[in-house]
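# Architecture and fold: a report
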Amino acid sequence: MPAQVASTPRDQFASYPSLAGRVAFVSGGASGLGAEFVHQLAAQGARVAFVDLDAASGEQLSAAVAEEGGPQPWFERCDVRDIPDLQGAITAAAAALGPITVLVNNAANDKRDRVADVDVALWDDRMAVNVRHHFFAAQAVWPMMREQGGGSIINLGSISAHIDLMDLPGYITSKAGVEGLTRTLARELGPDGIRVNCIIPGWVMTKRQLDEWITPEAEASIARNQCLPQKLYPDDVARLMLWLAADDSRSCTAQKWIVDGGWM
Ligand SMILES: NC(=O)c1ccc[n+]([C@@H]2O[C@H](COP(=O)([O-])OP(=O)(O)OC[C@H]3O[C@@H](n4cnc5c(N)ncnc54)[C@H](O)[C@@H]3O)[C@@H](O)[C@H]2O)c1
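Below you will find a few notes about this structure.

A word on the site of the ligand. As a matter of local geometry, the ligand sits amid 26 residues, with Ser-31, Leu-33, Asp-52, Tyr-171 and Val-204 nearest to it. Contact distances for the ligand include 2.7 Å between an oxygen atom and a side-chain N or O atom of Ser-31. Contact between the ligand and Arg-208: an oxygen atom at 3.2 Å from a side-chain N or O atom of the residue. In the complex, 91% of the free accessible area of the ligand, which totals 820 Å², lies under the protein chains. Of all the secondary-structure elements, those providing two or more residues to the shell around the ligand are helix H1 (32-43), helix H5 (169-189) and helix H6 (207-212).

Bringing the pairing of strand S4 (residues 102-105) into the picture now. Every second residue of S4 is oriented toward a common face, with Val-102 and Val-104 on one face and Leu-103 and Asn-105 on the other, all of them buried. Where strand S1 (residues 23-27) meets S4, three bridges bridge the pair, whose relative direction is parallel. By the bridge assignment for S4, Val-26 is matched with Val-104. Here S4 runs beside strand S5 (residues 151-156); their pairing, made up of four bridges, is parallel. From the neighbouring strand, Asn-105 faces S5, where its bridge partner is Asn-155.

What follows covers helix H2 (residues 55-67). In this model H2 runs 18 Å from its N-terminal to its C-terminal C-alpha over 13 residues, within 8% of the 18 Å that 1.5 Å per residue would give. Within H2 the residues assigned to the buried category are Ser-57, Gly-58, Leu-61, Ser-62, Ala-64 and Val-65. What you see down the axis of H2 is that its buried residues fit within an arc of 165 degrees, all on one side. For H2, the exposed residues lying more than 90 degrees away from the buried face are Ala-56, Glu-59 and Glu-67. The inward-facing, buried residues of H2 abut H1, strand S2 (47-52) and strand S3 (74-77).

About the criteria used
- Residues numbered from 1 in each chain as written.
- Predicted model: local features only at pLDDT ≥ 70, side-chain atom pairs only at ≥ 80, totals over all residues.
- Heavy atoms only, no water.
- Near = heavy atom within 4 Å.
- Polar contact = N/O pair within 3.5 Å; in protein donor to acceptor, adjacent residues only side chain to side chain.
- Areas by Shrake-Rupley, 256 points an atom, 1.4 Å probe, with all protein chains shown as cover.
- Helix = DSSP H or I, 4+ residues; strand = E, 2+ residues; numbered from the N terminus.
- Buried < 20%, exposed > 50% of the residue type's maximum accessible area, 1.4 Å probe, protein only.
- Pairing = 2+ DSSP bridges.
- Expected span 1.5 Å × (residues − 1).
- Arc of directions from axis to C-beta.
- Contact = heavy atoms within 4.5 Å.

Structure representation (structure tokens):
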């Protein structure tokens, strides 16, 4: 399955020799930004493992990357809300590919919720899908990274925690939490050479966004609020992810990195 949307050809990406042979784990990798991350990491010669709820798309993507000539990514269906399942997937991926030294905490769900409709179970579910697994995945890869002399953990935040948006109280709270989690993990794991950074995407044209949310009003909002006229695509975010994963960013940690076209 090719990436759903891309702004430029893959061969125009920078190369990061330090990523060749490295083992990377991506959550929510079967579609959207995660699928682009899987493609791009594999294109750099990384050995990629990914998990997702959507088994059919995950298996299709893994086969497609192999058909394109990359090393076939390891895929397992996993619900990141189920922490023992996620921990098991991380252990199994490392047993299959080797110690994980790049972790991309990407899985999330931006389902809309009206404040009046949120009960405790729904609130807890939003935390579980959007922030809790970031911590436990980092905790699970920490010993492997420490043993390898370091690693790079990349957490996906969101512009939604910084702009005027309605109907996303749990999602926005989680994404604000991802920024705090990034700082504390950077502090805790830094002595072991592990870097922890947060990417904050703006409004990115994934298939899901295009299918569900990009209306003429949304287009007008993008045109009004972004400094740059072009729409953002998954590869715009993947470029930053690759740099943060690679040794080129070896002294950068505990930071937020914004790719939003200059949203004002
Ligand atoms: N697309 C945007 O405009 C945008 C903007 C800001 C932040 N982000 C962030 O970027 C990341 C990727 O977003 P996206 O737009 O590609 O999302 P998406 O909805 O297109 O894809 C998310 C992937 O995660 C998987 N997933 C969802 N719940 C899961 C679960 N419980 N267990 C395992 N997998 C699960 C889905 O099946 C899907 O493959 C997310 O963290 C999101 O919050 C996206």
